[in-house]
Amino acid sequence: MPRNVIDVTDLTVDEINQLIAVAEDMIASPAKYQNACVHKQLATLFFEPSTRTRLSFESAMLALGGSVLGFSEAASSSTAKGETVGDTVHTVSCYADIIAMRHPKEGAPYAAAQFSEVPIINAGDGGHNHPTQTLTDLLTIHREKGRLDGFTIGFCGDLKFGRTVHSLVNALSRYENIRFILISPTELKLPRYVKEEALKKQNIPYQQTDSLDAVMPELDILYMTRVQKERFFNEEDYLRLKDSYILTPEKLENAKSGLSILHPLPRVNEIAVSVDRDPRAAYWKQVKNGKFIRMALILKLLDIHV
Ligand code: CP
């Protein structure tokens, strides 16, 4: 059976730390890796829109000397003729050495992996998980803070549908001495199953609030998120909740000088563009880091050592 990454917990903490070390080496010495994947092919199967995840996967494989194929919308594949996801993935696994797949249905990459002869990476499944964004986030936190333990992180915005939040809470719950502050409107609270599995089962303390202002001075990391319009059942609820939090320079006046501001992007208007100039804004560095951690993951799943 090929090795898949469907959930971030498919990787051990040691493996994640190793991926971060390899990504750091790639950032320092990219030329060392430029032929690592010659004659290898990555397929990107995106049944849902993406800018960063798809293009960073493709950029990662090209930087490793490999090549890429795939599609960026279901309408341009035989899915439009009624082909199942299983048959699509089985077909692509005959052509590619590794597959990154995004799908609007929770669990679709897991189901697809049962039909694949090559490793499958979940590039985001509905409102469920996004493990490679989490690897990106962990690399960014490691680069900003120099460690992955002993800090207070606030998750702010749409914690219900925000798959990057679910995966990162899961991942960080395996590191020591992390304090979680969950900031959202009542309607967009972190799902109970994530709280039960990641936090309550391990007796990890967490706090829930709807006030970003009240907790801002306590935060070492602020993880902002977009309200996920595409997951709402009615537009009225989205319009009511979409501007629940808008981070501005004024809102940051009470924040620590050492705060790191992360956002998986895309942003809509939950972070004012003027915040981009704040030295604490780390989200554009996060975008760059995404390529390197995906390079490291591709090498690992293809069992290639440089
Ligand atoms: N962070 C993220 O998943 O961005 P895209 O939707 O653009 O891939």
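Residues numbered from 1 in each chain as written. Predicted model: local features only at pLDDT ≥ 70, side-chain atom pairs only at ≥ 80, totals over all residues. Heavy atoms only, no water.

A. Seen up close, unusual backbone geometry. Omega for the bond connecting Leu265 with Pro266 falls within 30 degrees of zero, at 5°, which places this linkage in the cis form. Phi angles above zero are rare outside glycine, and Leu265 is one such case at about 60°. Counting through the fold element by element, Leu265 comes out in the loop between strand 9 (260–262) and helix 10 (283–301). Backbone geometry at Asp303 places phi at a positive 55°, although glycine is not the residue there. Checked against the element boundaries, Asp303 lands in the segment after helix 10. You can call Asp303 exposed: its relative accessible area is 57%. (Helix = DSSP H or I, 4+ residues; strand = E, 2+ residues; numbered from the N terminus. Buried < 20%, exposed > 50% of the residue type's maximum accessible area, 1.4 Å probe, protein only.)

B. Examining the site of the ligand more closely. Ser50, Thr51, Arg52, Thr53, Arg102, His130, Gln133, Pro264, Leu265 and Pro266 make up every residue found near the ligand. In this structure, an oxygen atom belonging to the ligand sits 2.8 Å away from a main-chain N or O atom of Thr51. Within the backbone of Pro264, a nitrogen or oxygen atom sits 2.9 Å from a nitrogen atom of the ligand. About the coverage of the ligand: the protein hides 92% of its 250 Å² of free accessible area. Per-class residue counts for the shell around the ligand are 3 nonpolar, 5 polar and 2 charged. (Near = heavy atom within 4 Å. Polar contact = N/O pair within 3.5 Å; in protein donor to acceptor, adjacent residues only side chain to side chain. Areas by Shrake-Rupley, 256 points an atom, 1.4 Å probe, with all protein chains shown as cover. Nonpolar A, V, L, I, M, F, W, Y, C, P; charged D, E, K, R; others polar.)

C. Quick peek at the sheet that holds strand 9. One open sheet accounts for 5 strands, arranged 7-6-5-8-9; its pairing is parallel. Only two strands of the sheet have a single partner each, and these edge strands are strand 7 (206–209) and strand 9. Ignoring strand direction, the axes of neighbouring strands in this sheet form an average angle of 20°. The pairing of strand 8 (residues 221–224) with strand 9 spans 3 bridges and is classified as parallel. Paired with Tyr223 across the two strands is Leu262, which belongs to strand 9. Contacts from helix 5 (residues 131–145) reach strand 5 (151–156), strand 8 and strand 9, with the element oriented near 165° to strand 9. (Pairing = 2+ DSSP bridges. Axes fitted to C-alpha atoms, helices over the stretch in contact; angles between N-to-C directions. Contact = heavy atoms within 4.5 Å.)

D. Just the side chain of Glu48, in detail. Position of Glu48 among the secondary structure elements: in the loop between strand 1 (41–46) and helix 2 (52–63). Within the local environment of Glu48, its side chain forms a polar contact with the side chain of Arg163, the two groups lying 3.0 Å apart. A polar side-chain atom of Glu48 sits 3.1 Å from a polar atom in the side chain of Arg231. If we skip the residues at most four places from it in the chain, Glu48 touches Ser72, Arg102, His103, Pro104, Arg163 and Arg231.

E. The arrangement of the nonpolar core in detail. Counting residues in each nonpolar core, the largest one holds 58 residues, and the members touching the most others are Leu64, Ile153, Phe155, Leu172 and Phe180. It is helix 10 that contributes the most residues to this core, 8 residues altogether. Every residue in contact with Leu172, bar those within four places of it in the chain, is listed here: Leu138, Phe151, Ile153, Phe155, Ile178 and Phe180. The next biggest cluster of nonpolar side chains, apart from the first, holds 20 residues, and it includes Val215, Leu222, Met224 and Ala281. (Core = buried A, V, L, I, M, F, W, Y, C linked by side-chain atoms within 4.5 Å.)

F. Structural view of the sheet that holds strand 4 (residues 120–125). Read across the sheet, 4 strands follow the order 2-1-3-4 without closing on themselves; strand pairing throughout is parallel. This sheet does not close on itself; its edge strands, each paired only once, are strand 2 (67–71) and strand 4. Between one strand and the next, the sheet's axes are offset by a mean angle of 15°, whatever the strand orientation. In the sheet, strand 1 pairs with strand 2 via 5 bridges, with the strands oriented parallel. Looking at strand 2, one finds that Gln41 is bridged to Ser67.

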